[in-house]
Every structure is written in C-alpha cells, then in structure tokens.
Amino acid sequence: MSSDSDYSDHSDHQIVSVFSSSGDSDSDHDDRPRLDDIIISNPTSGADSDTDNSDMPESEDHFFEGVEKLLEVWFTKSDGKTQNCDLRMIPREKIKGLLRVVKCEIINMLSNECMDSYVLSESSLFVSKKRFILKTCGTTTPLLCMKNLLVLVKKYAGFDEVEDVFYSRKNYKKPELQRSPHRHFDQEVDLLDTFFHDGSAYCLGSVNRDCWYLYTVNSLGNRMQHCRGNLEPDQTLEVLMTELDPSVMRIFTKEVCKSGQEATLKSGIDRIIPNALINEHLFDPCGYSMNGIFKNGSYMTIHITPEEEFSYVSFETNASQCSYKDVIGRVLDTFRPGKFVVTVFANKASSAYNSHAEIDRLVAIKEWLRMESQFCRFKNYDLTYALYTKFPS
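Here's a quick rundown of the structure. The residue numbers shown here count from 1 along each chain, following its written sequence. Two thresholds apply to this predicted model, a pLDDT of at least 70 for residue-level local features and 80 or more for giving and counting side-chain atom pairs, whereas whole-chain, interface and lining totals are computed over all residues. With hydrogens and water excluded, all non-hydrogen atoms of the structure serve as input to the side-chain values.

1. Thoughts on the overall build of the chain
At step 1: Numbering of helices and strands starts at the N terminus; helices are DSSP runs of H or I of at least 4 residues and strands are runs of E of at least 2. Summing up its helical and strand segments, the chain has 10 helices and 18 strands in all.
At step 2: By the burial criterion, 58% of the 393 residues in the chain qualify as buried.
At step 3: Once local pairs closer than 6 in sequence are excluded, the contacts in the chain between residues at least 24 apart make up 71%.
At step 4: In this description, accessible areas are obtained by the Shrake-Rupley approach with a 1.4 Å probe, and a residue is regarded as covered only by the protein chains that are shown. Carbon together with sulfur atoms contributes 47% to the accessible area of the chain, which is approximately 16500 Å² in total. Accessible area is worked out with a 1.4 Å probe on protein chains only. A residue is then buried under 20% of its type maximum, exposed over 50%, and partly exposed in between. The criterion used for residue contact is that any of the two residues' heavy atoms lie within 4.5 Å.

Here it is in structure tokens:
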C-alpha cells in the first residue's frame, strides 16, 4: 500500500488517522467491553424500553427508504478459549424475537458449514461463529436490539466480550420518516455510547449531500491483539447506488419477473461473483433481496428498491480479492447507477488491503468520475470512502 504522502497528490482525497488517546498506552490490559458490564449498565436499553414513536410523521405519498442501517458485532472470550463458543447456538425462536424488536421478520434461510444467512422482510442477517451482521432498510430499528443480542450471546453462545463493533449507514433520503433513535446519527451515537465507553463516530463525505456515517469501537484489547500479530484477515466492500437505470429496475418488479430466481438470472446478478449459493426473494409488487454464501465462509448481499423516484441498490461482500476493480465494474454494468458510494474496510492481514491504494488511483471507473474520496486509518482496519458520479451525457 502507498504511504500517506502518496495519497496527498489528489486534491479530492482526504486522509484521516484515527487513534484515541488510549492507543498511546503501553499497558497490556484488555479493556474490551465485557457483556456482563454492558448488560448491567443498560437496564432499560433495547427491547426492554418502550420507545415512543408516536411522533412519526405519516407520509402521504408512497415512499420506501432503501438505505440500510448496518450493524456488525464480533464477539470473543476473555480467556481466549472460544472452541465451544458459537453464535449459531442461539435458538431460532430467539433470533425471531430479536428481529421483532427490529421490526422485521425472516422470509427464508440458507446455511452452510460456516454461516447462517437470512433474507428478511427488510434486508438481511448473517450469523457465523463469532460475527453477527444485521442489515436492515425501511424504518427498522436495529440498534434497539443491542441489549437483547448481548443477553442471548452470553446465555447461549458462550462468549463474554465484544471484540469489535461497526455501525454504518449512508444518509437517508427522508430521515424524518425514521423511528427513534434512527432519525439522526447523533441519536444513534448516544445510544451506542451507553453500551461502549470507547466508541467513536465519524462522517465521511459531504454532510449536506452524499455522506456515510460510521461508529466503531477502538478498545485497547483490540490494539494489543493487533500488535501481537494475531489479526484475522478481514475485509468488506460496499457499493451504494442511487439514480438507477429505470429499464434495469423494471426487472425487479412482478410485472417483468415472477420469482427472485428469474430476476437474478435476467439481471446477471449471479455473474457478479460466481459460484455463490444464492437465496433470493422478489417482493410484490416490486423490490428484491438476495444473500449469497460461499464455501470459504464469505458472503455477498444485494438489496434493491426499484421505484424511480427513490431508487436505491446496495451491494456488499466480504469476499477477499487482491483487486475489487472488476467486481465493482460488474456491479456497475449490472445496475447502471447515476452515482454511487464505495467503501472498503480491510486490515493489514487481508489480501484486499491494497484495495485502498487501488481506489485512490481510480479517478474514474468507466463512465463514472470520482468526486471525492477519504482514507481513514483505525487501530485494526483501514477504510477508504469514495463518491463517483456518471459523466455528463
């Protein structure tokens, strides 16, 4: 990867180095958030609280918020003995109850040896041995399930510490239609801060136009693991698209396709990353969700809001590749957005780590021109954010 000085050559590229004061300590103390402490200090958070959403305005016109809220939580054990720990030991009925708090439900499920994946009424859930990924659109409330999740993990999965937390989302089209605490990012941060004392919040992009919000935890325990060289390779690519080609979006309606599988094949989604085991759903009258899982434990997921007035498509994968350029190109060829945001998370142990430098070099991708980009260095991960807009026709 290029040095920080290499990145400064582009006027549209900003560099942010993110280290909290605790990172300067030489102490070997593990201050990862312990589940017991979090649960005790949050007696009324999550489903136990009676959240008042009575002031939610009613939308007179048809509208659906395609932008998802993405919550990813990694768990571990304080003594390091995780052989008998597994999030997939949480009973299915308990997962359903957790999702009721979020205001969504399971449509169907697909599993392999590494992962359980769920297509939801509003997007997706992925559960593997120690990672929980919940991605929900519409007016769902994923952060309200946090305490319940921690209780279930402690009771059934055997873990006793939170290893990493990531909460992110793009800016909404109509934030005023969201339920509390999801109308404003500062409200989401306030809630997350009640669980994690060392959390940090960021906004990348232009706050008055397209931007992307992130909350993550920078615990000393994670830093010490990184320094000891025990970092597990990890990476995530997201492509968040708006202003999509109406002729492409028509594929994801019941007028054109009768099933999710037909929409998958007609659109070419199955060719974006081949060899995935795919589970998809086509909503009535329109809308589409899919999960794809791979034998090596990787996943991809796509969610489509096709209505022209507020069209939105998200693509996400943690498949490790030395270059994401071709994958991004296939995503763009499939959906033909007017503009899109790319985010890449990758740690130094990942084969995708050089993607940060790669995206820095991609001033244009086909007919899409990069308008801005930012690079952030966290304790365990580096992050690249970039916004691209289609060339004037």
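2. Remarks on the environment of Met249
At step 1: Tracing the chain through its elements places Met249 in helix H7 (residues 246–249).
At step 2: The exposure class of Met249 is buried, given its relative accessible area of 2%.
At step 3: Along the sequence, Met249 and Pro306 sit 57 residues apart, while their C-alpha atoms lie 4.9 Å from each other.

3. Concerning the side chain of Glu280
At step 1: Summarising the element assignment, Glu280 is placed in strand E11 (residues 277–282).
At step 2: Polar contact criterion, stated in full: a pair of N or O atoms within 3.5 Å, where within protein one must be able to donate a hydrogen and the other to accept it, and residues adjacent in sequence count only if both atoms are side-chain atoms. Polar contacts involving the side chain of Glu280 include one to the side chain of Thr264, which spans 2.8 Å.
At step 3: Beyond its immediate sequence surroundings of up to four residues, Glu280 is in contact with Asn108, Gly260, Gln261, Thr264, Tyr288, Ser289 and Met290.

4. Section: the pairing of strand E15 (residues 337–346)
In regular strands, side chains alternate between the two faces of the sheet.
At step 1: By the criterion of burial, E15 is predominantly enclosed, with nine of the 10 residues buried.
At step 2: At least two bridges found by DSSP between two strands are what make those strands a pair. Of the pairings in the sheet, the one linking strand E10 (residues 235–244) to E15 comprises nine bridges and is antiparallel in character. Paired with Met241 across the strands is Phe340, a residue of E15.

5. With respect to the nonpolar core
At step 1: Here, nonpolar core means buried Ala, Val, Leu, Ile, Met, Phe, Trp, Tyr and Cys residues that are tied together by side-chain atoms lying within 4.5 Å of each other. Ranked by internal contacts, the top residues of the largest apolar core, which has 44 residues, are Phe75, Leu125, Phe132, Leu150, Val153, Val162 and Phe196.
At step 2: Leave out the neighbours within four places in its chain, and Phe196 touches Pro33, Ile38, Met146, Val162, Val165, Tyr215 and Val217.
At step 3: The next biggest cluster of nonpolar side chains, apart from the first, holds 40 residues, and it includes Phe315, Phe340, Val342 and Ala386.

6. Points about the pattern of salt bridges
At step 1: One speaks of a salt bridge when a side-chain nitrogen belonging to Lys or Arg is within 4 Å of a carboxyl oxygen belonging to Asp or Glu. Summed over the entire model, instances satisfying the criterion amount to 18 salt bridges.
At step 2: Taking the shortest distance from any N to any O, the salt bridge between Arg88 and Asp86 comes out at 2.9 Å.
At step 3: Residue classification places Asp86 among the buried residues on the basis of a relative accessible area of 15%.
At step 4: Between Glu163 and Lys130 there is a salt bridge, with the nearest N and O atoms lying 3.5 Å from each other. Residue Glu163 is located in strand E7 (residues 161–170), and its partner Lys130 is located in the loop between strand E5 (123–128) and strand E6 (131–136); the two are separated by 33 residues in the primary sequence.
At step 5: Residues joined by salt bridges that share partners form a network here, namely Lys170, Asp210, Glu243 and Lys339.

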